[in-house]
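Spelled out, the chains give:
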Amino acid sequence: STVRVKLSNANDGTINLRFTGDYTIEQNGATVTGDVLLSLGCGGLQVSSQGSGAQLYAGKSVRFKRTASSGTFRMYTTSNGNNQYLGDLLVTAEGNGFTAINYIPLDHYLYGVVAYEMNDSWPLEALKAQAVAARGYAADCVGRYSTYDLLDTPQDQVYKGYKSEYKNVKAAVDATTGQVMTKDGKIIRAYYGASNGGQTELTPNAWTNATSYCVMKDD
């Protein structure tokens, strides 16, 4: 029910975060609201309030935990804008930068996938089909790596967080909740693409692995 997504926009030496709703720092229970600055220092990271300047926490890693069903955080970086996310955030100091992992309920993750693999203005039934495919792909990736399950890039699925104005995407995800494609009782990793040139390809011709459910077929 929860996936771990490695965020690619955490490569700066500092990260600016903005929290709305109820968040706490899991390590010490400190309440987090408003604007927060993460910076590197003394073999780890430092978390400071940008309002008061007070240091909220220092350590190798920090997890910002959402304590209610509502609440979001924004991540401001020079490399990738100011995306807004649902769920929790785990940040670890790594060399000259950070590793950021978004812990998020599966369907909330899909809000940030379907909206960018397709478009909120597309037909609802198309968005539903995308939601089912993306859900199965994500579910099959759970546990793939030790610290995260998915990347937020096209290497897995494009994921750019949550926008409340994407009403059709949210409706499509909610209408298909729990639905995945299976073969022989197992969830399949449902591959999809924007274009295939008119014909799908056999998987061993594209990748080293072969799947019995991906067949060559004209559109």
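1. Some points on the overall build of the protein chain
Within the protein chain, the regular secondary structure consists of four helices and twelve strands. The C-alpha radius of gyration computed for the protein chain amounts to 19 Å, which stays within 12% of the reference 17 Å derived for 219 residues, consistent with globular compactness. Projected onto its principal axes, the C-alpha coordinates of the protein chain cover approximately 60 × 35 × 30 Å. Across the 219 residues of the protein chain, 43% fall into the buried class. Sequence-distant contacts in the protein chain: of pairs separated by 6 or more residues, those separated by 24 or more amount to 62%. For the protein chain, the exposed surface amounts to about 11000 Å²; the carbon and sulfur share of it is 48%. On the protein chain, the mean spot of the 19 positive side-chain charges and the mean spot of the 20 negative ones are 3 Å from each other.

2. Digging into the confidence of the model for the protein chain
Segments scoring low in pLDDT should not have their predicted coordinates read at a detailed level. In the predicted model, the protein chain carries a mean pLDDT of 91, and 96% of its residues have values of at least 70. Confidence, expressed as mean pLDDT per element, reaches its minimum in the protein chain at helix H4 (residues 203-206) with 84 and its maximum at helix H3 (residues 167-175) with 98.

3. Let's talk about the nonpolar core
Among soluble globular proteins, nonpolar side chains are generally buried collectively. In this structure, Leu17, Leu38, Val47, Val62, Phe64, Leu89 and Tyr109 are the most contacted members of the largest nonpolar core, which totals 47 residues. Looking at this core element by element, the count peaks at seven residues for helix H1 (residues 106-117).

4. Some details on the pairing of strand E4 (residues 44-49)
With five of six residues buried, E4 lies mostly within the body of the structure. Two elements, strand E3 (residues 31-41) and E4, share six bridges in a ladder whose sense is antiparallel. Residue pairing across strands places Val36 opposite Ser49, the latter belonging to E4. Hairpin remark: E3 followed by E4, antiparallel, with two residues in the connecting loop; positive phi at Cys42, about 55°. Of the pairings in the sheet, the one linking E4 to strand E5 (residues 55-59) comprises four bridges and is antiparallel in character. Residue pairing for E5: Ser48 is matched across the bridge by Gln55.

5. Section: unusual backbone geometry
Residues other than glycine seldom take positive phi values, yet Asp184 does so here, at roughly 55°. As for its placement among the helices and strands, Asp184 is situated in the loop between strand E11 (182-183) and strand E12 (186-187).

6. Observations concerning the side chain of Arg66
One can find Arg66 in strand E6 (residues 61-76). Salt bridges are absent for the buried Arg66, whose nearest opposite-charge side chain, Asp88, sits at 5.4 Å. Polar contacts involving the side chain of Arg66 include one to the main-chain carbonyl oxygen of Gly71, which spans 2.9 Å.

7. Examining the packing of aromatic side chains
Centre distance and the angle of the planes are the two values used to describe a pair of aromatic rings. Scanning the model with the defined rule gives twelve aromatic pairs in all. Where Phe19 meets Tyr23, the ring centres are 5.0 Å apart and the plane angle is 55°; that geometry is what we call tilted. Accessibility assignment for this pair places Phe19 and Tyr23 in one class, buried. Ring centres of Tyr191 and Trp207 lie 4.7 Å apart, and the angle between their planes is 40°; on these two criteria the pair is classed as tilted.

8. Concerning the pattern of salt bridges
Within this structure, the stated rule accounts for nine salt bridges. Asp140 is the salt-bridge partner of Arg189, the closest N and O atoms lying 2.9 Å from each other. Remark: Asp140 occurs in helix H2 (residues 124-141) and Arg189 occurs in the loop between E12 and H4; sequence separation between them is 49 residues. With a relative accessible area of 31%, Asp140 lands in the partly exposed category. The salt bridge involving Asp174 is made with Lys170; its shortest N-O contact spans 3.0 Å. Of this pair, Asp174 and Lys170 both sit in helix H3, separated by four residues, roughly a single helical turn. By relative accessible area, Asp174 is classed as partly exposed at 33%. With a relative accessible area of 31%, Lys170 lands in the partly exposed category.

Rules of the game
- Per chain, residue numbering runs from 1 following the sequence as it is written.
- This being a predicted model, a pLDDT of at least 70 is required before a residue's local features are given, and a value of 80 or more before pairs of side-chain atoms are given or counted; all residues contribute to the totals for chains, interfaces and linings.
- Hydrogens and water molecules were not included; the side-chain quantities draw on all heavy atoms of the structure.
- Put simply, DSSP marks the helices as runs of H or I at least four residues long and the strands as runs of E at least two long, and each gets a number from the N terminus on.
- Atoms counted for the radius of gyration: C-alpha only. Globule rule: 2.2 Å times residue count to the power 0.38.
- Only protein chains enter the accessibility calculation, which uses a 1.4 Å probe; a residue whose area is less than 20% of its type maximum is buried, one above 50% is exposed, and one in between is partly exposed.
- The contact criterion used is simple: two residues touch if any of their non-hydrogen atoms lie within 4.5 Å.
- In short, Shrake-Rupley with a 1.4 Å probe defines the accessible areas, and a residue's cover is counted only from the protein chains shown.
- Neither His nor the chain ends contribute to the count of charged residues, in which Lys and Arg are positive and Asp and Glu negative.
- Charge positions are represented by NZ for Lys, CZ for Arg, CG for Asp and CD for Glu.
- pLDDT expresses, on a scale from 0 to 100, how confident the predictor is about each individual residue.
- In plain words, nonpolar cores are sets of buried Ala, Val, Leu, Ile, Met, Phe, Trp, Tyr and Cys residues tied together by side-chain atoms within 4.5 Å.
- Here, any two strands with at least 2 DSSP bridges between them count as paired.
- Here, a salt bridge means any side-chain nitrogen of Lys or Arg that lies within 4 Å of a carboxyl oxygen of Asp or Glu.
- Identification of polar contacts relies on pairs of N or O atoms within 3.5 Å, with a donor-acceptor requirement for protein atoms, meaning one able to donate a hydrogen and the other able to accept it, and with residues adjacent in sequence counted only if both atoms are side-chain atoms.
- Here a pair means two rings of Phe, Tyr or Trp (six-membered ring of Trp) with centres within 6.5 Å. Their orientation is stacked below 30 degrees between planes, edge-to-face above 60, and tilted elsewhere.

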